[in-house]
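Chain and residue survey
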Amino acid sequence: MRIRQLDIPAYGQLVDQQLNDLPSELVLIYGDNESGKSTLFSLLTALLYGFYPIKGFPYRPWHVDRYPEFRAAIALDDGSEVDVYRKLTSSPTSTLQRNGRTENLANRNLPFVQHISRQLYQSLYALTQHNQRALDEKTQQEIEDRLLGSLAANLLRPSRAVIDELEKKASSLWRPDNRGNPEDKKLRDQLHEAKQNLKRIQQINQDVRVDVQNLASTKDKIGKLENTLAKLNARIRRAEVLLPVHDALKQIKAWRSEIPDEQAASQLPDGLENRYQMLSEQARQTRQRAQKLEEEHTQCTQTANGITERDMQLLSVSKQLENWLINISGHKNEHHGIEKLKLEIDRHLEKTKRITKMLLSKPWERTYVPKLQSIILPNLKERIRRFSQLQDEISRMTARAELLPTTSMIGGIPRKILWSLTVLALSSVALSFVLSKPIVPAIASFFCLCTLFVAIFNAFLRNQQNHLKQENKHASRKNAIADQVKTEQDNLREKIKQIFEELPIASSLLEHPDMELYQNIREVQTHLEERDRLTTELQQRQTKWGQDQDNLGQLTSNLGEERANQAGLEQLHTSLEQAREHKRSVDEAQKRIEEIDAGALRDAQQALSKAQQAKNSLITLILAATKEHEIDEQVLRHAKELQDLLRRITNAERDLQNKHPNLKQLKQEVSKLDQSADGWSLLDQQMVEKAKIEANHLQQQLQQLREEKGSLETKIENSKGETSIGEAQGQIEQIEQERTRVQTERDRLALLASLIREADRRFREKHQPDVLKRATRYLGKIVDNYEALTTITDSDGHEQLVVRTASGEFRPVGSPLSGGTLDQVYLAFRLAVIDHLDEGNEKLPLVMDETLINWDNERFDRGVKIIAEIAKTRQVFLFTCHRWLAQRIAKSIPMPLLELSADSQYLTTDHRRSNRSTAANKT
Amino acid sequence: MTKLRILHIADAHLDTPFYGHDKQLRRRLRDSCRNAFQLAVDEAINRDVHAVLIAGDLFDNDQLSFHTERFILDQMERLGEENIAVYYATGNHDPGRANYRAHQLGWPKNVHLFTSTTPTTVVITDRDDQPVAKLTAAGHNSVAEASNLAANFQPSDTNLPSIGLLHTQVLSASGAANHDRYAPCSEHDLRAPGFDYWALGHVHLRQQVSEDIPAWYAGNIQGSNPNETGQKGVLYVEIEHGSLPAVEFIPVAPLIWENLNIVCREDVDDLRTLTAFLETEIRSRLTLSDGKEHLLRLELTGQTPLADEIVEEENLEELTQSVKNATDLLWLEMRPHILVLPVDIESYQDRPTVLGEVLHLLDEAKEDNGILQQLSPDPLAQNSEDNLAYLRSLLDGADIHAASLLVDKDNR
């Protein structure tokens, strides 16, 4: 491939640069240090392989704020042309145009450089003054590895690295020695542990089986022991339980034999003697009670007959008597009230008499009463009032007539005076117009004013005179009316007199009747009315009081008491209380008689009969139980003894029953034992004690065995939770499988490493000769004293790069060869490798930077020739900062010189300029 | 004539070693094995079979725990209570010699033990003690019975259905190679007696030995490791003399082992998509909705951009958990095996590169034992009887692996 054109908008220090029509063989670029040679080499690499690294890309434009960007036109080895555009934004973009199609590359390699990696290109295709010589052992080894080994393949990692990786991984899985801690060793340890665990579990299982056998044995022992213990306990029980039963039964039997008739004895009541005494006492007491009741009946009958007729009479009016006792004081008070009322009536009459004394012209008579009461007060009042009004009218009229003036008292001003004053006034006025004296108008004014005043006063006087005339006319009319009023007054007086017609009223009062008359008449009527009312009340109360007094008298006289008063009543009340006492006694006696008659006596008699019967029954029982014929103290005691015996039997049986719920069974056992010959042979207490000790011992053994049994059962139960042998074995198999897997994987990896190693060896063997041949050819073109570049295998089996001198001597590439020779050897070797790698693929541009700087003249010329030769097959970019060197090369190989300067970021370095430079240099 | 009903159980392997990384899983497997056997007994009772035939390896003699002993005897007693006879021919894992557990256990009366290598014939009766079939059986006396026991079975001379019961390795059976060669026999040996049914044990893969022979392996009742995949159970057989038996498989294993190899795809380039891809693959290749619990060993191979991420322990654990949750698996073991970044291996064939040389050498090694021997690491971690075969097996996937290692990641 050959780069034909570069258009660089921005890249590192290069801005808006264009390199058009670049030479297809050798591109010689001259520039000082920092003029952009490294930038240009970076650009060439980015052109082929994209921007790297994207983050922190070192060739972002230095002086402008733009993205790295460039475009290139490339002629491929097959003659076709492509355009490449790359720009490093946040997401790098690259396009490849070929055959009219645009291909998006993103940031990938150009498709025709795939056979050479970026790293390889950078390390192999860029030759600088410094990287072609003075290589130390490690670098030398690396070069050998990379150039002759893996790196000689497309995009491949070094075989040695892969092999190391595989072997390392294989060793981490398994190692033939016991070093390190590979996976297999860990698994081996786990396996050991798991096997130990398996042994433990197997032992547990074995133990469980033993435990199960022991458990069965223990259960068997427990069964036997329980059997023995049961027998022994039976014997002890026989001694401890049956014997007391036996004795008790025997005693009961003995007691029974002493009782003549157990059935009869069993019917004897408890507390026999007491009961007998009690029944006897009860009969006696009952009898006494009956007698007492009969006596009481007689006594009550007598009491009931003891009440008198007077008592009955008193009791029949007891309520009246008691009422009178309560009301007697009121009765007396009423009498006093009547007397007071009489006095009141008299008082009203006296008052009437006193008033009428002022009114009447004659002494008081009873006949005046109805006349006075017949006066109709409203009529009287109205007439007197009217009369008084008329009287007042007359008085008023008379007084006014005396005060009225005459019309002559008021006359007008004479008209002459009035006229004279008028003439004077007019004259004065006239004079004032005529005379110019100042006094004249004043006088005229005076007269005018006087005239005006007199005229006004005259008018007022005339008005008053007219008014008086009118008043006099009215007075005349009123006198006529006064006469009429007097007439009316006289009529009224007559009428008033008619009212008092039959009464001798004082004439003075009748001539001038007034309201006082009326008031007096009214007061008289009031007293008379009150007297009448009180008189009526008096009559009523007197009638009532008289009736009560009669009733009282009737009551007391009926009861034989002459005094119809309080003393008499109190005497009667005392008698009444006595009668009531008598009555109560009689009632109680009758009630008691009724009670006695109703049942008390019968009850007592029946109780007596019952007590007697009970006693007889008891006696019958006693006689039956004792088989006696007559009751007495001895028989009674005997009966009691029988009863005690029977009680003892009952108690003994009850105790037995309580102690032994299965008494029936025990009785049978006792019965059997009684019948057997040696039923009670173990009655010896010592034997019983011994048996008890033995039983206790057996019990302890049994307890111990049961605990053992429980412990074994728990142990067996707990062992269920243990891991089974199968599980443990499973774990072992799991680990073993894992070991197998790990070992197989190790073998696989080791085999793969071995395979790659062998392949690598074969590859070297196959391809090294070609490289070395090419290198030898290049080296021969540079130097004369070395015949060949080759490899030899040293004593350790390692291959070593050597040069063979003309004398056939092999010298290792390294010291003691001189630095210049090493540069030349490595250049030859590198060019050979490049040729080898490019074989059959696109030939990538070679970049040389001051490569020939330290070469002597002869070798320099040879080197230039080699470059010229190489440039025929691949494009070569030759950088130098030495003008003389550039000129010397340009002299050897006619070519345009491209010149860069330190500030060339703004300088367009194009072919034309280069041509000019070249021409100048040539000149 | 009454149709004979039997339940054919084989290779219960109670207390067998259970595969599992953790104790809990092993415990589950142990319990599931017991549960499976109990379910088989339930089936026998529910279907009112005339007899239960156990074709050996009921338990593993060396691993049998006391509690499993009790369990076995309890289950036998259950059958006895239902008046169901059990015919039990011992196998290589539970041989019948005096010092072995099968001989020592206190079997209930309904259990008929066949421990002798000489075939014995007994009559199977119904509840009314009427004969319904003749059974000929032989047992393993020791743990390594090498003789052909089937060859000694004599032809049946009865009108009743005739049955053979034996723990044997029919050499032609599928999966027989995976088992130790005990009491081997051929199809001919099984055909010779003319039995109406052979109840066989030893091979764990359920199968009819041959289409023209009514000989069946019931397979084991519960898979014990990832290689024993699929449903496991027992066979319910109805037989009429002279007719082919009606064989019904009854799955009883509560846990189902599965083993899958999934080749990753290059276009699956993130873990979430990968999880979905794996879930889809698993669901499409397994029947997860069968009411059982599934245990899956999943091997991931192939070329994927996620190769480096998957092999990271943390990522692998997360991926495993995600897939396990998505598929409701009881257990999932995910193993990357030669899982590499995508590489175009074809482009390196016959090219002058080390990788080209590797591929060429690989082809040679597969063909040339000398080269293979030469390449063999010394020493090998695994000792194999057939080293060359072992080495050759190690070359599987070596091309992809080598390419993935040699090709620079940055230059892919």
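Keep in mind the model is a prediction, meaning the values are calculated, not measured. (Residues numbered from 1 in each chain as written. Chains lettered and ligands numbered in written order. Predicted model: local features only at pLDDT ≥ 70, side-chain atom pairs only at ≥ 80, totals over all residues. Heavy atoms only, no water.)

Attention now goes to the overall build of chain A. Each helix and strand counted, chain A has 24 helices and 14 strands in total. When burial is assessed residue by residue, chain A has 41% of its 923 residues classed as buried. Of all intrachain contacts in chain A linking residues separated by at least 6 positions in sequence, the fraction that spans at least 24 positions is 73%. Here chain A displays about 51,200 Å² of accessible surface, and carbon together with sulfur accounts for 50% of that area. (Helix = DSSP H or I, 4+ residues; strand = E, 2+ residues; numbered from the N terminus. Buried < 20%, exposed > 50% of the residue type's maximum accessible area, 1.4 Å probe, protein only. Contact = heavy atoms within 4.5 Å. Areas by Shrake-Rupley, 256 points an atom, 1.4 Å probe, with all protein chains shown as cover.)

Moving on to the overall build of chain B. If you tally the helices and strands in chain B, you get 11 helices and 17 strands. Going through the 412 residues of chain B one by one, you find that 56% of them count as buried. Sequence separation of at least 24 residues holds for 70% of the intrachain contacts in chain B that already meet a minimum separation of 6. When the accessible surface of chain B is split by element, carbon and sulfur atoms take 42% of a total near 17,000 Å².

As a further point, take the sheet that holds strand 4 (residues 111-114) of chain B. Each strand in a sheet pairs with another by means of backbone hydrogen bonds, the pair being arranged parallel or else antiparallel. Residue and element names in this part refer to chain B. With respect to topology, six strands assemble into an open sheet ordered 4-3-2-1-13-14, the strand pairing being mixed. The open sheet has two free edges, formed respectively by strand 4 and strand 14 (246-251), since each of these has just one partner strand. Shown here is a sheet whose adjacent strand axes are inclined to one another by a mean of 20°, direction ignored. Across four bridges, strand 3 (residues 85-89) lies against strand 4 in parallel orientation. Across the sheet, residue Val86 finds its bridge partner in strand 4, namely Val111. Strand contacts of helix 1 (residues 23-46): strand 1 (4-9), strand 2 (51-55), strand 13 (233-239) and strand 14, with the helix running at about 180° to strand 1, the strand carrying the most contacts. (Pairing = 2+ DSSP bridges. Axes fitted to C-alpha atoms, helices over the stretch in contact; angles between N-to-C directions.)

We now examine helix 10 (residues 387-394) of chain B. Within helix 10 of chain B the residues assigned to the buried category are Tyr390, Leu391 and Leu394 of chain B. Each buried residue of helix 10 of chain B sits inside an arc of 95° when the element is viewed along its axis, so together they form one side. (Arc of directions from axis to C-beta.)

Taken together, the contacts link 61 residues of chain A with 56 residues of chain B. Here chain A packs against chain B, burying approximately 5,000 Å² in sum over the two surfaces, 60% of which is carbon and sulfur. For the interface between chain A and chain B, the tally reads two salt bridges. The residue Glu364 of chain B makes a salt bridge to Arg762 of chain A at a minimum N-O spacing of 2.9 Å. One can count 10 residue pairs in polar contact (both at pLDDT 80 or more) joining chain A with chain B. Looking at the side of chain A that touches chain B, the elements that each hand over two or more residues are helix 4 (159-173), helix 5 (183-257), helix 19 (685-719) and helix 20 (725-782) of chain A. If you tally residues by element for the side of chain A that touches chain B, the top one is helix 20 of chain A, at 33 residues. Looking at the side of chain A that touches chain B residue by residue, the class counts come to 20 nonpolar, 23 polar and 18 charged. (Buried area = accessible area lost by both parts, 1.4 Å probe. Salt bridge = Lys/Arg side-chain N within 4 Å of Asp/Glu carboxyl O. Polar contact = N/O pair within 3.5 Å; in protein donor to acceptor, adjacent residues only side chain to side chain. Nonpolar A, V, L, I, M, F, W, Y, C, P; charged D, E, K, R; others polar.)

What follows covers the packing of aromatic side chains. Applying the stated criterion across every chain, the model contains 19 aromatic pairs over all chains. Here the aromatic rings of Phe57 of chain A and Tyr59 of chain A are separated by 6.2 Å at their centres, their planes lie at 65°, and the arrangement is edge-to-face. Tyr59 of chain A matches Phe57 of chain A in its accessibility class, with the two residues each being buried. A ring pair is formed by Trp364 of chain A and Tyr368 of chain A, whose centres lie 5.8 Å apart and whose planes are at 75°; its orientation type is edge-to-face. Under the relative-accessibility criterion, Tyr368 of chain A is labelled buried at 4%. Over the aromatic face of Tyr778 of chain A sits the side chain of Arg777 of chain A, whose NZ or CZ is 5.7 Å from the ring centroid. One Lys or Arg, Arg47 of chain B, reaches over the ring of Tyr236 of chain B and ends 4.7 Å from the middle of that ring. (Phe/Tyr/Trp six-rings, centres within 6.5 Å; stacked < 30°, edge-to-face > 60°. Lys NZ or Arg CZ within 6 Å of the ring centre and 35° of its normal.)

Below, the discussion takes up the sheet that holds strand 17 (residues 331-340) of chain B. All names here are of chain B. Strand order in the open sheet formed by three strands is 15-16-17, with parallel pairing between adjacent strands. The open sheet has two edge strands with one neighbour each: strand 15 (255-264) and strand 17. With direction set aside, neighbouring strand axes in the sheet form an average angle of 10°. Sheet topology places strand 16 (residues 293-303) next to strand 17; eight bridges connect them, and they run parallel. In the strand pairing of strand 17, Leu300 is matched with Pro336. Docked against the sheet, helix 1 engages strand 15, strand 16 and strand 17, running at close to 130° with respect to strand 15.

Next up on the list: the environment of Gln203 of chain A. Within the element layout of this structure, Gln203 of chain A appears in helix 5. For the pair formed by Gln203 of chain A and Ile725 of chain A, sequence separation is 522 residues and the distance between their alpha carbons is 9.8 Å.

It is worth spelling out a nonpolar patch on the surface at this point. A cluster of nonpolar residues, Leu431, Phe433, Val434 and Leu435 of chain A, forms a patch on the protein surface that exposes about 440 Å² of accessible area. With respect to the helices and strands, the residue Val434 of chain A is situated in helix 12 (residues 415-434). (Patch = residues over 30% accessible without salt bridge, like charges linked within 9 Å, V, L, I, M, F, W, Y side chains within 5 Å.)

Moving on: the pattern of salt bridges. All names here are of chain A. Scanning all chains against the criterion turns up 71 salt bridges over all chains. Of the charged contacts in the structure, one is a salt bridge between Asp548 and Lys544, with a shortest N-O distance of 2.9 Å. In this pair, Asp548 and Lys544 both sit in helix 15 (residues 515-558), four residues apart, roughly one turn of the helix. For Lys544, a relative accessible area of 46% corresponds to the partly exposed category. Salt bridges here are not isolated pairs; linked through shared partners, they connect Glu334, Glu530, Arg533, Glu537 and Arg541.

Turning our eyes to something else, we now look at helix 5 of chain A. An ideal rise of 1.5 Å per residue puts 111 Å on 75 residues; helix 5 of chain A measures up with 104 Å between its terminal C-alpha atoms. Of all the bends in helix 5 of chain A, the greatest, near 35°, is centred on Arg237 of chain A. (Expected span 1.5 Å × (residues − 1). Bend = angle between axes of the 7 residues up to and from the residue.)

Turning our eyes to something else, we now look at the confidence of the model for chain B. In low-pLDDT regions, the fine details of the predicted coordinates are not to be read closely. Per-residue confidence for chain B averages 90 on the pLDDT scale, and 99% of its residues sit at or above 70. Scoring the predicted complex yields pTM 0.50 and, for the interface, ipTM 0.79. (pLDDT = per-residue confidence, 0-100.)

This paragraph deals with the confidence of the model for chain A. Residue and element names in this part refer to chain A. Scored by pLDDT, chain A has a mean of 81; 90% of the residues are at 70 or more. A low-confidence stretch, residues 133-140 stays under pLDDT 50, and its non-local contacts, those more than four residues away or across chains, total 10 contacts. Of the regions scoring below 50 in pLDDT, residues 904-923 engages in 41 contacts with residues more than four places distant in sequence or in other chains.

Glancing now at a negative patch on the surface. A grouping of Glu309, Glu312, Glu313, Glu314, Glu317 and Glu318 of chain B is seen on the molecular surface, where their side chains present a negatively charged patch. At four residues, helix 7 (residues 313-327) of chain B tops the list of elements feeding residues into the negative patch. (Lys, Arg positive; Asp, Glu negative; His and termini not counted. Charge placed at Lys NZ, Arg CZ, Asp CG, Glu CD.)

A few words now on a positive patch on the surface. A contiguous patch of positive charge on the surface is contributed by Arg400, Lys469, Lys473, Arg477 and Lys478 of chain A. It is helix 13 (residues 439-499) of chain A that contributes the most residues to the positive patch, four residues altogether.

All names here are of chain A. Axis separation between helix 5 and helix 17 (residues 633-659) bottoms out at 9 Å; the angle between their running directions is 160°. Comparing their axes, helix 17 and helix 5 come out roughly antiparallel. The hand of the helix 5/helix 17 crossing is left-handed. Every residue of helix 17 that contacts helix 5 at Val245, Ala248, Leu249, Ile252, Trp255 and Arg256 is listed here: Leu645, Arg648, Ile649, Ala652, Glu653 and Leu656. Its residues placed into classes, the contact of helix 5 with helix 17 shows nine nonpolar, no polar and three charged. (Parallel < 35°, antiparallel > 145°, perpendicular 65-115°, else oblique. Left-handed = near helix turned anticlockwise from the far one by under 90°.)

Residues and elements named next belong to chain A. Packing of helix 5 against helix 18 (residues 663-675) brings their axes to within 10 Å, and their N-to-C directions diverge by 90°. Comparing the axis directions of helix 5 and helix 18 gives the class roughly perpendicular. On the side of helix 5, the interface is formed by Arg237, Arg238, Val241, Leu242, Val245, His246 and Leu249, while helix 18 contributes Leu663, Leu666, Lys667, Glu669, Val670, Leu673 and Asp674. Classifying every residue of the contact of helix 5 with helix 18 gives eight nonpolar, one polar and five charged.

A cis amide bond, omega -10°, links Tyr52 of chain A with the succeeding residue Pro53 of chain A. Positionally, Pro53 of chain A belongs in the loop between helix 1 (37-49) and strand 4 (69-75). A cis geometry characterises the amide bond from Asp378 of chain B onward to Pro379 of chain B, with omega recorded as 0°. Relative to the elements of secondary structure, Pro379 of chain B occurs in the loop between helix 9 (369-375) and helix 10. Positioned with a positive phi, His13 of chain B is a non-glycine residue whose angle comes to about 50°. Note on placement: His13 of chain B falls in the loop between strand 1 and helix 1. The buried category is assigned to His13 of chain B, whose relative accessible area is 6%. The phi dihedral of Ile338 of chain B falls on the positive side, at around 50°, and the residue is not glycine.

What follows is about the side chain of Thr136 of chain B. Within the fold, Thr136 of chain B resides in strand 6 (residues 131-137). The contacts of Thr136 of chain B, once residues within four sequence positions are left out, are Pro119, Thr120, Thr121, Phe153, Ile163, Gly164, Leu165 and Phe195 of chain B.

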